[in-house]
Amino acid sequence: MSTQGSGASPRPWHGVHKALADPLRIRLLEALWEMPQSARELADHVDLPPDRLYYHLNHLERAGLIEIAEYRPLARGKVERVYTPAVTEPPSDAANPEEMAEFLGSMLDATRADINAAYRSKQTGGRREVDLHRGALRLTDEALAELRGHIERLATQFGDRDAPGVWTRVVVTVVDLQDRPSPDAAPPRQRGRHE
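Residues numbered from 1 in each chain as written. Predicted model: local features only at pLDDT ≥ 70, side-chain atom pairs only at ≥ 80, totals over all residues. Heavy atoms only, no water.

Please set out the overall build of the protein chain residue by residue, giving values where relevant.
Helices and strands together make up the secondary structure of the protein chain, namely 6 helices and 3 strands. For the protein chain, the residues scored as buried account for 24% of the 195 residues in total. Taking as baseline every contact in the protein chain between residues at least 6 positions apart, the subset at least 24 positions apart corresponds to 54%. Put simply, the protein chain shows about 15200 Å² of open surface, and 51% of that area lies on carbon and sulfur atoms. (Helix = DSSP H or I, 4+ residues; strand = E, 2+ residues; numbered from the N terminus. Buried < 20%, exposed > 50% of the residue type's maximum accessible area, 1.4 Å probe, protein only. Contact = heavy atoms within 4.5 Å. Areas by Shrake-Rupley, 256 points an atom, 1.4 Å probe, with all protein chains shown as cover.)

Shown next, in the form of structure tokens:
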């Protein structure tokens, strides 16, 4: 069903990628994937005062990415909202190209912030590991499917929230640098040495 045109209801994920087009919101959502937290607790993850986070938390809540898990009582009769993720991850095929580009740019900005924080910690005597690899591989459709399978198995194997260890950001990007041949196209002929 197409959502473009007059009077059509928006796609369920419309606006999700726009809500995540801010690296701070990505970092907040990722912190909530670790465990439900209040704005006060989240403020420690992003080095900002809690009152600066409500605007961003409202964006995530309106997009359906987080929800209020509970209202926690505080001193003097006050309460604070504790947020939890409403979903694990939006499907990438639900975004238009502009939304996806903004989302990926924000992911890279959030990753840059993680790398900067890790190096700052290392400079002050902390122990954080940072490994970067950038390369190009020649992958057939079958090899690409195999690589995706390996990545998915690793994410499942090490993604257990209750397992011991340190939370570690892993960003893997697989981007074709040229168009893939269609599955029914014949392979290009190789020229012989004596042609």
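Describe in detail the pairing of strand β2 (residues 66–73), supporting the description with residues and values.
Across 7 bridges, β2 lies against strand β3 (residues 79–85) in antiparallel orientation. The residue bridging Pro73 from the neighbouring strand is Val79, located in β3. The turn joining β2 and β3, which pair antiparallel and follow one another in sequence, is formed by 5 residues; a positive phi near 60 degrees is taken by Arg76. (Pairing = 2+ DSSP bridges.)

Give me the lowdown on the confidence of the model for the protein chain, citing residues and values where you can.
Predicted coordinates in regions of low pLDDT should not be interpreted in detail. In the predicted model, the protein chain carries a mean pLDDT of 80, and 82% of its residues have values of at least 70. Here helix α1 (residues 16–19) stands out as the element of the protein chain with the lowest mean pLDDT, 74, in contrast to strand β1 (residues 37–38), whose mean of 94 is the highest. For the stretch residues 1–12, pLDDT sits under 50, and the model shows 10 contacts to residues farther than four places along the chain or on other chains. (pLDDT = per-residue confidence, 0-100.)

I'd like to hear about unusual backbone geometry, residue by residue, with values.
Trans is the common state for peptide bonds, and a negative phi is the common state for residues other than glycine. With a phi angle near 55 degrees, Asp47 is a residue other than glycine that sits in the positive phi range. One can find Asp47 in the loop between α3 (39–46) and α4 (54–62). On the accessibility criterion, Asp47 (66% relative accessible area) is exposed. Although it is not a glycine, Arg76 sits at a positive phi angle of roughly 60 degrees. For Arg76, the location among the structural elements is in the loop between β2 and β3.

Can you tell me about the sheet that holds β1, naming the residues and giving the values?
Strand order in the open sheet formed by 3 strands is β1-β3-β2, and the pairing between neighbours is antiparallel. One side of each edge strand has no neighbouring strand; the edge strands of this open sheet are β1 and β2.

I'd like a description of the side chain of Thr84, backed by residues and values.
Looking at the secondary structure, you find Thr84 in strand β3. Since its relative accessible area comes to 16%, Thr84 is described here as buried. Excluding residues within four positions of it along the chain, Thr84 makes contact with Pro36, Leu65, Ile66, Glu67 and Ala69.

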